[in-house]
Amino acid sequence: MSTNQSTTEVVIHNFNAGPSILPKSVFEEAAAAVLNFNNSGLSILEFGHRTPEFTAVMEEARSLVKELMQLDSDHEVLFLHGGASTQFMQVPMNLLDTKDCAAYTDTGVWGHKALVEAKLFGKVEVVCSSREKNYTFIPKDFAVPNDAKYLHITTNNTIYGTQWQKIPKTSNTLVADMSSDIFSRVLDFNSFDLIYAGAQKNMGPAGVNLVVVNKNILGKIKRAIPTIMDYRNHIKEGSMLNTPPVFAVYVCMLTLRWLKSIGGVAAVEKLNNEKAALLYNAIDDSTLFIGTTAKEDRSKMNVCFVMKDPSLEAAFLKLAESKGIIGIKGHRSVGGFRASLYNALPISSVQALVDTMKAFKEDV
Ligand SMILES: *Cc1c(COP(=O)(O)O)cnc(C)c1O
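A brief structural summary. What you see is a predicted model; the values in this text were computed from it and never measured. (Residues numbered from 1 in each chain as written. Predicted model: local features only at pLDDT ≥ 70, side-chain atom pairs only at ≥ 80, totals over all residues. Heavy atoms only, no water.)

What follows covers the site of the ligand. Neighbouring residues of the ligand: 13 residues in total, closest Ser 85, Thr 158, Asp 177, Gln 200 and Lys 201. A distance of 3.0 Å is found between an oxygen atom of the ligand and a backbone nitrogen or oxygen belonging to Ala 84. Between Lys 201 and the ligand, the recorded distance is 2.6 Å, taken from a side-chain N or O atom to an oxygen atom. Burial of the ligand by the surrounding chains reaches 87%, relative to a free accessible area of 390 Å². Counting residues per element, the shell around the ligand draws most heavily on helix 3 (residues 84-95), which supplies three residues. Here the residues of the shell around the ligand are counted per class, giving three nonpolar, eight polar and two charged. (Near = heavy atom within 4 Å. Polar contact = N/O pair within 3.5 Å; in protein donor to acceptor, adjacent residues only side chain to side chain. Areas by Shrake-Rupley, 256 points an atom, 1.4 Å probe, with all protein chains shown as cover. Helix = DSSP H or I, 4+ residues; strand = E, 2+ residues; numbered from the N terminus. Nonpolar A, V, L, I, M, F, W, Y, C, P; charged D, E, K, R; others polar.)

This part covers the side chain of Thr 155. Counting through the fold element by element, Thr 155 comes out in the loop between strand 5 (150-154) and strand 6 (156-157). We classify Thr 155 as buried; its relative accessible area is 0%. Only 2.6 Å separates the side chain of Thr 155 from the side chain of Asp 181, close enough to count as a polar contact. Residues within four places of Thr 155 in sequence aside, it is in contact with Gln 163, Trp 164, Ile 167, Ala 176, Asp 177, Met 178, Asp 181 and Arg 185. (Buried < 20%, exposed > 50% of the residue type's maximum accessible area, 1.4 Å probe, protein only. Contact = heavy atoms within 4.5 Å.)

Before going further, it helps to examine the sheet that holds strand 14 (residues 337-340). The sheet built from three strands is open, its strands ordered 11-12-14 with antiparallel pairing. The open sheet has two edge strands with one neighbour each: strand 11 (289-291) and strand 14. On average, adjacent strands in this sheet sit at an angle of 35° to one another, irrespective of strand direction. Strand direction decides the pairing type here: strand 12 (residues 302-307) and strand 14, joined by four bridges, are antiparallel. Bridging from a neighbouring strand, Phe 305 pairs with Phe 337 of strand 14. Here helix 7 (residues 264-285) sits on the sheet in contact with strand 11, strand 12 and strand 14, set at roughly 15° to strand 12. (Pairing = 2+ DSSP bridges. Axes fitted to C-alpha atoms, helices over the stretch in contact; angles between N-to-C directions.)

Here's what the structure looks like:
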């Protein structure tokens, strides 16, 4: 059963953290293409990736990324195999020589995993960390060594519900894991030298990474890079070095088309702000619920909260499920609840959650 769809009784409100909700129109178009792609009589799943029809899909996906992010001509767009975790390794493999040092911000489990991988390729300087405080905030004061080959940040910390509100200014090469807030807010995307994102949070199905890379930062290291891992080879081949994850790229393209049709990143950011305000206000006004992160660092994508009396949490979860609200159980390292408010989640779903929080209050 797909998300956000009526069953006979309840509407499903899908707050899953990833894989997560996508627009219903995208599911419908993708489903149709599985049966008959482009009126070809063939499924997208049996279609050659070097055909003009699929090449057009890849080209449209890449050009929509360029348009929606307003990228300059130095920034190349790639759709690569694997999850964001593959990029934890591919980034340092391409940018860091054994004797070099890279600066990492340790603001969550994903950022931590990224820095552990980078240590396999060179030296890592952890320039700030909120690990001791269970990643409940974004550190503000830190210095990046001038000779660091790059600074790595995780723009949104999916598990803990914190987000960099201001991207740190740096003269170093800037690398960002944007897996869970890609296309959710307007940023100066050209100020990043490398952006990567696993698709399954805000863009498409699992199995494909979006990589946006400033081509000028590549080719500066001595290490021999395996062909499939070298970004330059993918750029040269128009993201078709080998068989791309055809269906995943197709669904990303449909989602990007949808995003453009609703007004692009600025328009969706406005909706995301409204959704986040609705839920955070409900948490702050509540006598039962409490947010788990520093207020100024609150994520607009993943809202983490607990109950003041944890013994009530199971009952609230049960009530929520009875109202069609799914995917709000918090990550095991935080507990409580996490509501993910990705681009495709309608505000009516957030309202349903807020109404349920208030209804529960009346019950107690
Ligand atoms: C989900 C997530 C990842 C891991 O993505 P995979 O595709 O499972 O490898 C990495 N970073 C962030 C910020 C995430 O939200």
